[in-house]
Amino acid sequence: MKADQSLDCMGLYCPMPIVKTAQKIKELKTGQVLEVVADDIGIKADMPAWTEATGHEFLGAEEAGGEIKVYVKKTHD
Amino acid sequence: MAEKEKMTIVMFSGDLDRALAGFMLATTGASMGMEVTMFFTFWGLNIVKKNEGGIKSKGLARKMLNLLNRGGSRRLTLSKYNMMGLGTWMMRGLMKDVNMPTIDEFITMCKEMDVKLLACSTSCGVMGVPEDAFRSEVDATVGAAYYLGEARKAKVSLFI
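Residues numbered from 1 in each chain as written. Chains lettered and ligands numbered in written order. Predicted model: local features only at pLDDT ≥ 70, side-chain atom pairs only at ≥ 80, totals over all residues. Heavy atoms only, no water.

Caption draft 1: Seen up close, the overall build of chain A. The number of helices and strands found in chain A is two helices and four strands. In terms of overall dimensions, chain A is globule-like: its C-alpha atoms have a radius of gyration of 11 Å, near the 11 Å expected for 77 residues. Projected onto the principal axes, the alpha-carbon positions of chain A cover approximately 30 × 25 × 20 Å. Residue burial in chain A is summarised as follows: out of 77 residues, 42% are buried. Here the contacts in chain A between residues at least 6 apart in sequence split such that 62% fall between residues at least 24 apart. Surface exposure of chain A reaches about 3900 Å², of which carbon and sulfur atoms provide 49%. The centroid of the 9 positive side-chain charges in chain A is displaced by 7 Å from the centroid of its 13 negative side-chain charges. (Helix = DSSP H or I, 4+ residues; strand = E, 2+ residues; numbered from the N terminus. Rg over C-alpha atoms; globule rule 2.2 N^0.38 Å. Buried < 20%, exposed > 50% of the residue type's maximum accessible area, 1.4 Å probe, protein only. Contact = heavy atoms within 4.5 Å. Areas by Shrake-Rupley, 256 points an atom, 1.4 Å probe, with all protein chains shown as cover. Lys, Arg positive; Asp, Glu negative; His and termini not counted. Charge placed at Lys NZ, Arg CZ, Asp CG, Glu CD.)

Caption draft 2: Structural detail: the nonpolar core. Residues and elements named next belong to chain B. Membership of the largest hydrophobic core comes to 54 residues, with the highest contact counts inside it found for Phe 23, Met 38, Phe 40 and Ile 103. If we skip the residues at most four places from it in the chain, Phe 23 touches Met 38, Phe 40, Ile 47, Ile 103, Phe 106, Ile 107 and Cys 110. Counting residues in hydrophobic clusters, the runner-up holds seven residues, among them Phe 39, Leu 118, Cys 120 and Ala 151. (Core = buried A, V, L, I, M, F, W, Y, C linked by side-chain atoms within 4.5 Å.)

Caption draft 3: Broad picture of the pattern of salt bridges. Inspection of the entire model under this criterion finds 14 salt bridges over all chains. When the shortest N-O distance is used, the salt bridge between Glu 27 of chain A and Lys 24 of chain A registers 3.1 Å. Classification of Glu 27 of chain A as exposed rests on a relative accessible area of 52%. Residue classification places Lys 24 of chain A among the buried residues on the basis of a relative accessible area of 16%. Each of Lys 6, Glu 35, Lys 116, Glu 150 and Lys 153 of chain B takes part in salt bridges that share partners, so that together they form one network. (Salt bridge = Lys/Arg side-chain N within 4 Å of Asp/Glu carboxyl O.)

Caption draft 4: Quick peek at the packing of helix α1 (residues 16-24) of chain A against helix α1 (residues 16-31) of chain B. Axis separation between α1 of chain A and α1 of chain B bottoms out at 9 Å; the angle between their running directions is 30°. Classified by the angle between their axes, α1 of chain A and α1 of chain B sit roughly parallel to one another. Where α1 of chain A crosses over α1 of chain B, the two elements pack in a sense that is left-handed. Packed against α1 of chain A, whose contacting residues are Ile 18, Val 19 and Ala 22 of chain A, the element α1 of chain B presents Thr 27, Thr 28 and Ser 31 of chain B at the interface. (Axes fitted to C-alpha atoms, helices over the stretch in contact; angles between N-to-C directions. Parallel < 35°, antiparallel > 145°, perpendicular 65-115°, else oblique. Left-handed = near helix turned anticlockwise from the far one by under 90°.)

Caption draft 5: Seen up close, the side chain of Thr 88 of chain B. Residues and elements named next belong to chain B. By secondary structure assignment, the location of Thr 88 is in helix α3 (residues 86-97). A relative accessible area of 5% places Thr 88 in the buried class. Setting aside chain neighbours within four positions, we find Thr 88 in contact with Leu 16, Leu 76, Thr 77, Leu 78, Tyr 81 and Asn 82.

Caption draft 6: Just the interface of chain B and chain A, in detail. Each side of the interface is counted separately: chain B has 14 residues, and chain A has 15 residues. The largest per-residue losses of area from chain B upon contact with chain A belong to Ser 31, Met 32 and Val 98 of chain B, which jointly make up 43% of the total buried on that side. Joining chain B to chain A, the criterion identifies zero salt bridges. Linking chain B with chain A are two residue pairs in polar contact (both at pLDDT 80 or more), by the criterion used here. Only α1 and α4 (103-112) of chain B provide two or more residues apiece to the side of chain B that touches chain A. With four residues, α1 of chain B is the single largest residue contributor to the side of chain B that touches chain A. Of the residues in the side of chain B that touches chain A, the class split is eight nonpolar, five polar and one charged. (Buried area = accessible area lost by both parts, 1.4 Å probe. Polar contact = N/O pair within 3.5 Å; in protein donor to acceptor, adjacent residues only side chain to side chain. Nonpolar A, V, L, I, M, F, W, Y, C, P; charged D, E, K, R; others polar.)

Here you go:
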């Protein structure tokens, strides 16, 4: 999936990937896509919960090796 | 945007493991767009005491209590397997190994995210903890009514 910006959360556990995503999304423009790369499997359930709470759009997850990539579309400021 | 959802956490325990759980949930809640209030009471006051200096309290009993129960983020111990500090030391190492923030780092994050840190006035009175014993990140010393005032508006309230 194509993303406008990427956030490296490899080696970080909950809650850091979500905390960093919340900070990083501020740098994106509405409509842009953020890719979060992590290896904590919690992110697969956490990111959709985060987008539901914040109103952004969860576009899906891709998994390759030990690497999980999740995609979030910024829908508002 | 509509008014933010609220979340409150009573931090009753001064155990390192429980404190970490509280801060993880507080920072996650703030990341999810919630307005988070942490209310430190009883042993939980130890989490937000300064690490440096003594605690000046009045009367023998309170002086002794504050000597034994000195507190400070870097003095917290595990609720289990402390083993005279050995277990806590090992756990701090394990947490560092997986890049988990320390209590100090969590407190800094909380401030950046506008999490409110409140000390319980009654506990401070009973235990003889003066306001200058707390680190500068503590926003105010308040009572139970203020906490409940926040909690009744909150969607999530936890007691840790």
